[in-house]
Each structure stands twice: as C-alpha cells, then as structure tokens.
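Results of the structural survey
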Amino acid sequence: MGDGTFLVSISGQLDYIEVLAESGSNWHCKYEFVSGPDWKIIGGVESGLSQICTVNMNGEKIVLNLPLEVMMKSTNLYGWPQVLVSIYNEMTLEGYGRCHVPLSPGVHSIDISLCKPLTSTLLGKITSLFGYQPELIQPKMLATTAGNNCKSFEIRCLKFTRKEKDFFICQVYLIYFLYILI
Amino acid sequence: MAEVHIIGELSQSKDFGQQHLFCKWYLQIGNNWRLLSGKKEGQTQVSSNEFEDICKWSYPLDIHLATSGLQGWPKIYIQVFHLDWVGRSHLYGYGVVTIPTHPGQHELDCYTWRPVGNLRERFVQYFMGGGPQLKDPHLILSTTDRYKLNTEAMGVVTFKITVVLRHFSDFGVEY
C-alpha cells in the first residue's frame, strides 16, 4: 500500500505439547499474540484458549491441534508479533513459552521451550511442596524486554517443548516489501 | 537514513557447568548509528534446567536502528552471571557477537570467556566463589589491550536473530 502499511497474515496450528504428562491428567493451553505499538489486528483473534486434553498413557503427546489465525497490519517492523503460550495442567501452571513469528514467509515448524517461575522466598518453597505454583500476573512481560529488573524471580526451564506449525503467508501487499525481508 | 531491524531472541546458554544463570546484554553501535526504538541493554531472567547443562532464556530482542554509515556496525556484548543459593551473583563469562551484515535468519554462537586469577585467587574462588572481573567492560570489545589478560573458556550463548535491512540499496550498499 502506498502509505507504507503492510499486512502480515499468520496462520497455522499449535500441534502438540510434549511434556512428561502422567495418565489421567488434563491439560490445556492459552495463547496470545503480542505485538508492538504500531501493530493492529485486522482479522482473527488476538488470544484464545484450547480444549482440555486428557492423557491416556504416561508421557504421550498432548495433541491440541489448535488453529491460530490472525492478520495484522503495521507500518514498522519494530514490535514484530510474538506468540505467547501458557500451558496448564488442570488449574496449575506448567509453563510459559514465547517465540517470534518467523520473519521469512513460508512454512515453519517451531519448538518452543517452556519455563515456569520458581518461588523466591522460603515460605514459597515450603508451599510449593503442597502444589503451590507461582504465576505471572502479566505473562506479556515475557514478550517484552521490560521486567528484566526482577532478579528475585527465577524461571525453571524444563525440557518441555511444544511444536507448532506456523504457516506464514505473505499477502500481495507485502510483495513490494519482500525485498527487505530477504 | 538506512535502517536495520534486529529481531530475535537470546535463546540459551550451554556448557557453563552450572544452572541458575542470567545474562546481561548491551548493544554497541558506532557514532553514525541511532537507536530508533527498542532497548540498548537488558537482562534476562535467571534460568535453570533439571535435565541437561543448558539454560533456556528465550529472551526477546527487538531493536530498530538507523544509520548514516556502515562504520560501527552493531555488536552485542554480554556478561553471563551465576546466581548462587545465597543470592550472590558471580561472573561466568564475557562475550561479544557481531550482528550479521547479511539480512535473513541467523543462529549465532557466542563463545564466552572469563578472567582467571593466580593460584591463590583460584583457590579462594573454588571455595568462596567470586573471581576477577573486568573493571572496564569495554575490554570485551577492544582489540588492543587483550594481551594483558589471562582467561579461561566458559560456555556458549546462542542467539537466534533475524536481520532486516531497509533503504540500503538507496545508498549503493550491496548485500
């Protein structure tokens, strides 16, 4: 478009969560797209919630197959969209994860590593023995460079990965812009 | 003015032999360069891993720069610290990476090092932690004063970065 606006169309699905899930547990996932100040969503939904998946066998994949589809417009690459996911087992947080939407058009398969916060106080450590799990009030802070001052907050990264097929289609409007991309 | 976008993440560290690591990063740019949006420095969260010698940060980077010359192409220099169980942070590595001049996706490995002291200092460091640190972090970037240093190898910090260049061809810069 003439005024420097470009459109980005993101579509794909959140395929599965690969965690050490025990049989009988129920998992679900929350996702949201986080983007910068210039970005506007012109189609699709910004955030959503998956169904609840029950695990039948220990350690099997938690297949959600949750479709993601969003169309955004912006004038500036700064604040390129990020996907932020939160994984829950019943109502307990099991991990946050984030990734940038790939900048190159095409089909991408992304593994996101998940992290969960640890308690920083002794009292918190004791309560965590009883299943207490700290959560972030604003998980969006993971997608920003802010919040790096909170030294007391630790994240334990587990080897839990999630695979997401990200289908990334460039609109016709974007083609004039493609020379910048690659 | 030509513009550069650096979008990606400070992804992980490995082979540091310790968990509970965090990383401070700083962007170093030349005089011709101007930061349009984004941050020039930052710090990741403290991360640990139960399974392997890898700390995953997945810390987002999004920097928008404008330049009127190629001199002083952006570099990111990092300091890795280990947070011990009493809450002290010890230096675990210095490193620098040059942002690729070629647009596209890149996975950059930053091999880090740290200064070592003499035998007595190393003895103290083994039991008490701590260790020598650089007074002036610009030595991480300097090419001249390195010969005075005695260092040891530490782990590897991985960046996943996409570089996008804009208006460079208008100034006759080929890439």
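The name given to chain B in an unreviewed UniProt entry is B9 domain-containing protein 2, and the organism recorded there is Henosepilachna vigintioctopunctata. Recorded in UniProt for chain B, the comment headed Subcellular location (unreviewed entry) runs: "Cytoplasm, Cytoskeleton, Cilium basal body".

The name that an unreviewed UniProt entry assigns to chain A is B9 domain-containing protein 1, with the source organism given as Henosepilachna vigintioctopunctata. What the UniProt record of chain A gives under Subcellular location (unreviewed entry) is the line "Cytoplasm, Cytoskeleton, Cilium basal body".

1. What to know about the side chain of B:Ser58
Examined against the element boundaries, B:Ser58 turns out to sit in strand E6 (residues 54–67). In this structure the side chain of B:Ser58 is engaged in a polar contact, spanning 3.4 Å, whose partner is the side chain of B:Glu9. Among all residues touching B:Ser58, those that are not within four sequence positions of it are A:Arg98, B:Glu9, B:Leu10 and B:Ser11.

2. Brief notes about a nonpolar patch on the surface
Taken together, B:Phe123, B:Val124, B:Tyr126, B:Phe127 and B:Met128 make up a surface patch of nonpolar side chains, about 630 Å² in accessible area. Mapped onto the fold, B:Tyr126 is located in helix H1 (residues 119–128).

3. Here we look at H1(B)
Little of H1(B) sits out of view: just 1 of its 10 residues are buried. A positive backbone phi angle near 85 degrees is found at B:Gly129, which sits one or two residues after H1(B).

4. Description of the confidence of the model for chain B
Residues and elements named next belong to chain B. Overall, the prediction assigns chain B a mean pLDDT of 91, with 100% of residues at 70 or greater. Predicted confidence in chain B is weakest over strand E5 (residues 46–49), with a mean pLDDT of 85, and strongest over strand E9 (residues 104–115), with 95. Interface confidence for the predicted complex, expressed as ipTM, amounts to 0.83; the pTM equals 0.84.

5. Quick word on the interface of chain B and chain A
Contact with chain B, which involves 36 residues of that partner, is made by 32 residues of chain A. Buried surface at the junction of chain B and chain A, summed over both partners, amounts to about 3,000 Å²; 56% is from carbon and sulfur atoms. Joining chain B to chain A, the criterion identifies 1 salt bridge. A salt bridge links B:Glu9 to A:Arg98; the nearest nitrogen and oxygen atoms lie 3.0 Å apart. Connecting chain B to chain A are 7 residue pairs in polar contact (both at pLDDT 80 or more). Residue contributions to the side of chain B that touches chain A peak at 7 residues, all from E6(B).

6. Describing the environment of B:Thr144
Take B:Thr144: it is sitting in the loop between H1 and strand E10 (151–166). Residues B:Thr144 and B:Arg88 lie 56 residues apart in sequence; the distance between their C-alpha atoms is 32 Å.

7. Regarding the layout of surface pockets
Here the largest pocket is characterised by a volume of approximately 600 Å³. Lining the largest pocket are 27 residues, with A:Cys99, A:Ile110, A:Asp111, B:Glu9 and B:Lys160 sitting closest to its centre. Secondary structure elements with two or more residues in the lining of the largest pocket: strand E8 (92–100) and strand E9 (106–118) of chain A together with strand E1 (2–14), E6, E9 and E10 of chain B. Ranked by residues supplied to the lining of the largest pocket, first place goes to E9(A) with 6 residues.

So, how was this worked out
- Residues numbered from 1 in each chain as written.
- Chains lettered and ligands numbered in written order.
- Predicted model: local features only at pLDDT ≥ 70, side-chain atom pairs only at ≥ 80, totals over all residues.
- Heavy atoms only, no water.
- UniProt positions renumbered as here; feature names shortened; annotations may be inferred.
- Helix = DSSP H or I, 4+ residues; strand = E, 2+ residues; numbered from the N terminus.
- Polar contact = N/O pair within 3.5 Å; in protein donor to acceptor, adjacent residues only side chain to side chain.
- Contact = heavy atoms within 4.5 Å.
- Patch = residues over 30% accessible without salt bridge, like charges linked within 9 Å, V, L, I, M, F, W, Y side chains within 5 Å.
- Areas by Shrake-Rupley, 256 points an atom, 1.4 Å probe, with all protein chains shown as cover.
- Salt bridge = Lys/Arg side-chain N within 4 Å of Asp/Glu carboxyl O.
- Buried < 20%, exposed > 50% of the residue type's maximum accessible area, 1.4 Å probe, protein only.
- pLDDT = per-residue confidence, 0-100.
- Buried area = accessible area lost by both parts, 1.4 Å probe.
- 1 Å grid on protein atoms, 1.4 Å probe; cavity = no way out; pocket = protein on both sides within 12 Å on 5 of 7 lines; lining within 4 Å.
- Points joined across faces, edges and corners; volume = space filled by probe spheres on them.

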